[in-house]
Amino acid sequence: MRAAVYKGEQVLQVEELPDPTPGPNQVVMRVKYSAICGTDVHAFMYDLAQPGAVMGHEYTGTIVDIGPETGRWQMGDRVVGGGGHPPQGGGSATRTHPRFNYRTMGFQHNTRPRGYAEFVLLDEWEPTPVPDDVTDEQAALCEPCAVTVHAVRLSDIKLGDAVLVLGAGPIGLLCMQTARAAGATTVIVSEPAPGRAEAARQLGADAVLNPMDNDFAERVVALTGGTGPQVVFECAAAPSTLEQGLDLCARGGQVVMIAIAWEPTPVAPPNWMAREVRMQSSFGTLPEDWRIALELMRTGRVSVEHMLSGTNFVPLDGIQGAFEALCHPTNELQMVVEP
């Protein structure tokens, strides 16, 4: 099979690897689409992935081979490559290790090729079935949508709240919709890139503001009745956005960190401590988040069409250029690899 192998020093090279063979309680998925995640871009940018790794964790496809003692799946089943319930004592170290550190432990070598390959070997508990009313293209964005579902469910959002989403990349565009589905009645998006800002407008943001404008903070406060938003979702991880969210948040409100800042992020507590603003980090997903994400897509409460224009699909041979473009994105929304 063909796969994009990370060689180190910001180089991805397409190589021939052995086709996977399922053992007991395992299946093989033929990957149809594999979306490029920001965490993989960070691994590429900061040379965090180990040479030889085949990255990719936002993928969908069909079951094409089934190992012995595997009774859950049938040939041709449409699935996404995650979201299953791990067995007792199993699962990712992100959920099980008592002192997990994503910076030092998050990119440890996985011997199995993942989504930037033609085929993926999975334990039978790992995949999640795709509903008939969800397209393959939509399903490719199940994992990032589940990330925002997880963040919204962790937040203290209440019916009628005003929400500010910082950043209109893929996570921000999904987050504004999941926040709306959870009861937010005013959704404001902060985004300087024109293409991403327009996507937020098309997806129903009540206001889309440029954070570079001198009156940005005043406009956010005015749009929220003079209080500031009750919940701020930090989806940008730019040098100033965490501080910006804390400054703008309403008294007793909450800033939820979704994007990962890999460089030091300054904050000035005297600006917001007296309002008793709370901060909540959100990381990854739980199994139920994937199923909720697929249901939101199925019922039309989350739309990904504006993130999936034809120009955003790239062949496996184009993955190096796609990663390079996403290191310093401008108007790019979502890029999806077709192995």
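This text follows the structure it describes.
Bear in mind that the values here come from a model prediction, so they are computed numbers and not experimental data. (Residues numbered from 1 in each chain as written. Predicted model: local features only at pLDDT ≥ 70, side-chain atom pairs only at ≥ 80, totals over all residues. Heavy atoms only, no water.)

## Topic: the overall build of the protein
- Secondary structure summary: the protein contains 11 helices and 15 strands in total.
- What you see for the protein is a C-alpha radius of gyration of 20 Å, in line with the 20 Å of a compact globule of 339 residues.
- In terms of principal-axis extent, the alpha carbons of the protein reach across some 60 × 40 × 40 Å.
- Residues classed as buried in the protein amount to 50% of the 339 residues present.
- In the form shown here, the protein has an accessible surface area of approximately 14,900 Å², with 52% of it arising from carbon and sulfur atoms.
- Charged side chains in the protein number 23 positive and 40 negative. The centres of these two groups are separated by 6 Å. (Helix = DSSP H or I, 4+ residues; strand = E, 2+ residues; numbered from the N terminus. Rg over C-alpha atoms; globule rule 2.2 N^0.38 Å. Buried < 20%, exposed > 50% of the residue type's maximum accessible area, 1.4 Å probe, protein only. Areas by Shrake-Rupley, 256 points an atom, 1.4 Å probe, with all protein chains shown as cover. Lys, Arg positive; Asp, Glu negative; His and termini not counted. Charge placed at Lys NZ, Arg CZ, Asp CG, Glu CD.)

## A few points about the sheet that holds strand β11 (residues 231-234)
- Reading across from one edge, β10-β9-β8-β11-β12-β13 is the order of the six strands in this open sheet, with parallel pairing throughout. Both outer strands of the open sheet, β10 (207-209) and β13 (278-281), are each paired with one neighbouring strand and no more. In this sheet, neighbouring strand axes are inclined to one another by 20° on average, regardless of whether the strands run parallel or antiparallel.
- Of the strand pairs in this sheet, strand β8 (residues 162-166) and β11 are connected by four bridges, and their pairing is parallel. Looking across to β11, one finds that Val163 is bridged to Val231. (Pairing = 2+ DSSP bridges. Axes fitted to C-alpha atoms, helices over the stretch in contact; angles between N-to-C directions.)

## Let's talk about the environment of Met257
- With respect to the helices and strands, Met257 occurs in strand β12 (residues 254-257).
- A sequence separation of 106 residues divides Met257 from Ala151, and the C-alpha atoms of the two residues are 8.2 Å apart.
- Those residues in contact with Met257 that sit more than four places away from it in its chain are Glu234, Leu242, Met279, Gln280, Ser281 and Ser282. (Contact = heavy atoms within 4.5 Å.)

## A word on helix α10 (residues 287-298)
- Along its 12 residues, α10 runs 17 Å from first to last C-alpha, staying within 8% of the 16 Å computed at 1.5 Å per residue.
- All buried positions along α10 are accounted for by Pro287, Asp289, Trp290, Ala293, Leu294, Leu296 and Met297.
- Taken together, the buried residues of α10 touch β5 (78-80), β7 (128-129), α4 (136-139), α5 (142-154) and α6 (170-181). (Expected span 1.5 Å × (residues − 1).)

## Remarks on the side chain of Gln177
- Its place among the elements puts Gln177 in helix α6.
- At 3.1 Å, the side chain of Gln177 forms a polar contact with the backbone oxygen of Leu173.
- From its side chain, Gln177 meets the backbone nitrogen of Ser303 in a polar contact 2.6 Å long.
- Non-local contacts of Gln177, meaning those with residues more than four positions away in its chain, are made with Leu203, Arg301, Val302 and Ser303. (Polar contact = N/O pair within 3.5 Å; in protein donor to acceptor, adjacent residues only side chain to side chain.)

## Section: the pattern of salt bridges
- Taken as a whole and judged by the stated rule, the model has 13 salt bridges.
- With a closest N to O distance of 3.4 Å, Glu126 and Arg112 form a salt bridge. On the criterion of sequence distance, the pair formed by Glu126 in the loop between β6 (119-123) and β7 and Arg112 in the loop between α3 (102-105) and β6 is long-range, its members being 14 residues apart.
- The exposure class assigned to Glu126 is buried, which follows from its relative accessible area of 12%.
- For Asp133, the salt bridge goes to Arg298, with nearest N and O atoms at 3.8 Å. (Salt bridge = Lys/Arg side-chain N within 4 Å of Asp/Glu carboxyl O.)

## Re the nonpolar core
- Counting residues in hydrophobic clusters, the biggest one holds 50 residues, and the most contacted among them are Val163, Leu173, Met176, Val189, Ala200, Phe233 and Ile258.
- When residues of this core are traced back to their parent elements, those giving at least two are β3 (26-35), α5, β8, α6, β9 (186-190), α7 (194-202), β11 and α10.
- When residues in this core are grouped by element, the largest group, seven residues, is from α5.
- Residues Ala3, Tyr102, Leu316 and Met335 belong to the second largest nonpolar core, which totals 26 residues. (Core = buried A, V, L, I, M, F, W, Y, C linked by side-chain atoms within 4.5 Å.)

## Examining the pairing of strand β4 (residues 58-66)
- As defined by bridge partners, β3 adjoins β4 across eight bridges and the pair is classed as antiparallel. Within the sheet, the bridge partner assigned to Ala35 lies in β4 and is Glu58.
- Where β4 and β5 come together, three bridges link them in antiparallel fashion. Bridge assignment links Thr60 to a residue of β5, and that residue is Val80.

## Details of the packing of aromatic side chains
- In total, this model carries seven aromatic pairs according to the counting rule given.
- Geometrically, the ring pair formed by Tyr102 and Trp262 is tilted, given 5.7 Å between the ring centres and 45° between the ring planes. Placement of the pair is Tyr102 in helix α3 and Trp262 in the loop between β12 and β13, with a sequence separation of 160 residues.
- Grouping aromatic residues by their ring pairs yields a cluster made of Tyr6, Phe44, Tyr116 and Phe323.
- Its guanidinium or amino end placed over the ring of Phe119, Arg30 lies 5.4 Å from that ring's centre, counting from NZ or CZ. (Phe/Tyr/Trp six-rings, centres within 6.5 Å; stacked < 30°, edge-to-face > 60°. Lys NZ or Arg CZ within 6 Å of the ring centre and 35° of its normal.)

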